[in-house]
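Observations on the three-dimensional arrangement
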Amino acid sequence: MVNAVPPQRVPLLLNNNGAWCWFQDERALIDPANNTLLLGSVASPEGPGGAERGGNIEIAALDLDTGRSHVHVLHHRLESDDHNAPALLIRPDGRYVAMYAKHKTDNYSRWRISTRPHDASEWEPEQQFDWSELADGRGATYSNLHHLSQEDRVYNFVRAINDDPTLMISDDHGSNWTYGGKVFTRPKIGYVNGYTRYVDNGTDRIDLITTDHHPRDFNNSIYHGYLQNDALHDAAGNVVSRPLIGSAGID
């Protein structure tokens, strides 16, 4: 009997200086058209490249066939904070959308769109959505991009007005954005109003889980609900708020 030798697994380096936190998605995705893994991150001034690279908003594109990775900079030295990592989306036309924001130190959600389908090497100029009046100048943070094919609409979930989960919507696959309302709202306690994660089925539904407030300020519970047909549903499927678009947010 001959013992089979298991294949060696060699780690692949995507980016030698990249940070991210848990509250922006998708941070990484695979483009099946070119078998490429895309990863968004923020460079640290303590890492390779030092202060000249620190705060760069970057996308690493890993060719899964060759194992080669190339890093592309979306914004030079925006801010050295892992909360600023970009959320990524592949449009129906194959072009990429990257959305990112500072960590409440200014009032802008920023985005760029790749100039060519399935190619992360060149991007259109950065555009900005200004939250100043909507959020009373208190800043915005996080980006979460979700496309529902049944609506052909893209949602971006931002922590903005009153530090609540707040919506931007696009009906042209991320080229232009408008304010879409809030998912829910809470009285302010301490630092922020909870932390929320999102996942979609790609067709007609976005599920979420959320907490109440920052854990240092509140003994949190964890909640589940979902967005579908312009309404917020609880975990049992009951509509708790409609319409969603334009809502001031349910308490």
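The present account deals with the structure reproduced in this document. All figures in this text were calculated on a predicted structure; none of them were measured in a lab.

Description of the nonpolar core
Among the nonpolar cores identified, the biggest contains 17 residues, and Trp 131, Leu 145, Met 168 and Trp 177 are the most heavily contacted of them. Excluding residues that lie within four positions of it along the chain, Leu 145 makes contacts with Asp 25, Ala 87, Leu 88, Leu 89, Val 97, Met 99, Val 154, Tyr 155, Asn 156 and Trp 177.

With respect to the side chain of Ser 143
Within the secondary structure, Ser 143 sits in the loop between β9 (127-130) and β10 (145-148). Here Ser 143 falls in the buried class, since its relative accessible area comes to 0%. A polar contact is formed between the side chain of Ser 143 and the backbone oxygen of Met 99, at a distance of 3.5 Å. If we skip the residues at most four places from it in the chain, Ser 143 touches Phe 23, Gln 24, Asp 25, Ala 87, Met 99, Tyr 100, Ala 101, Asn 156 and Phe 157.

Points about the packing of aromatic side chains
The way to describe two aromatic rings as a pair is by their centre distance and the angle between their planes. Under the criterion given, the structure shown has 9 aromatic pairs. Taken together, a centroid distance of 4.8 Å and an interplanar angle of 65° make the contact between Phe 129 and Trp 131 edge-to-face. In this pair, the class of Phe 129 matches that of Trp 131, namely buried. Ring geometry for Trp 131 against Tyr 179: centres 6.1 Å apart, planes inclined by 85°, an arrangement best described as edge-to-face. One end of the pair, Trp 131, is in the loop between β9 and β10; the other, Tyr 179, is in strand β13 (residues 178-182), with 48 residues separating them in the sequence. On the basis of relative accessible area, Trp 131 is assigned to the buried category, the value being 0%. With relative accessibility at 32%, the residue Tyr 179 sits in the partly exposed group. An aromatic cluster is present here, built from Phe 23, Tyr 142 and Tyr 195 joined pairwise through their rings. Across from the ring centre of Trp 20, 4.3 Å away, lies the NZ or CZ of Arg 27, which sits over that ring. Across from the ring centre of Tyr 226, 3.6 Å away, lies the NZ or CZ of Arg 205, which sits over that ring.

Examining the sheet that holds strand β18 (residues 239-241)
Pairing within the open sheet is antiparallel, and its 5 strands lie in the order β14-β15-β16-β17-β18. Each having just a single partner strand, β14 (196-200) and β18 make up the two edges of the open sheet. Ignoring which end each strand starts from, the neighbouring axes of this sheet average 35° apart. Taken together, the 4 bridges between strand β16 (residues 223-228) and strand β17 (residues 231-234) define a ladder with antiparallel strand orientation.

Notes on the pairing of strand β2 (residues 36-42)
With 7 of 7 residues buried, β2 is to be regarded as a mostly interior element. Strand direction decides the pairing type here: strand β1 (residues 28-31) and β2, joined by 4 bridges, are antiparallel. Within β2, the position partnered with Asp 31 by the bridge is Thr 36. The antiparallel pairing of β1 with β2 creates a hairpin that spans 4 residues between the two strands, and Asn 35 there sits at a positive phi of about 55°. By the bridge criterion, 7 bridges tie β2 to strand β3 (residues 57-63) in an arrangement that is antiparallel. Considered in β3, the bridge of Leu 39 is made with Ala 60.

Observations regarding the sheet that holds strand β12 (residues 165-170)
The sheet built from 4 strands is open, its strands ordered β10-β11-β12-β13 with antiparallel pairing. The open sheet has two edge strands, β10 and β13, and neither has a second partner. Between one strand axis and the next, the sheet turns by 30° as a mean value, whatever way the strands run. Two strands pair when backbone bridges link them, and β12 and β13 are joined in this way by 4 bridges, in the antiparallel orientation.

What counts, and where the lines are drawn
Residues numbered from 1 in each chain as written. Predicted model: local features only at pLDDT ≥ 70, side-chain atom pairs only at ≥ 80, totals over all residues. Heavy atoms only, no water. Core = buried A, V, L, I, M, F, W, Y, C linked by side-chain atoms within 4.5 Å. Buried < 20%, exposed > 50% of the residue type's maximum accessible area, 1.4 Å probe, protein only. Contact = heavy atoms within 4.5 Å. Helix = DSSP H or I, 4+ residues; strand = E, 2+ residues; numbered from the N terminus. Polar contact = N/O pair within 3.5 Å; in protein donor to acceptor, adjacent residues only side chain to side chain. Phe/Tyr/Trp six-rings, centres within 6.5 Å; stacked < 30°, edge-to-face > 60°. Lys NZ or Arg CZ within 6 Å of the ring centre and 35° of its normal. Pairing = 2+ DSSP bridges. Axes fitted to C-alpha atoms, helices over the stretch in contact; angles between N-to-C directions.

Geometric values such as these leave the question of function open.
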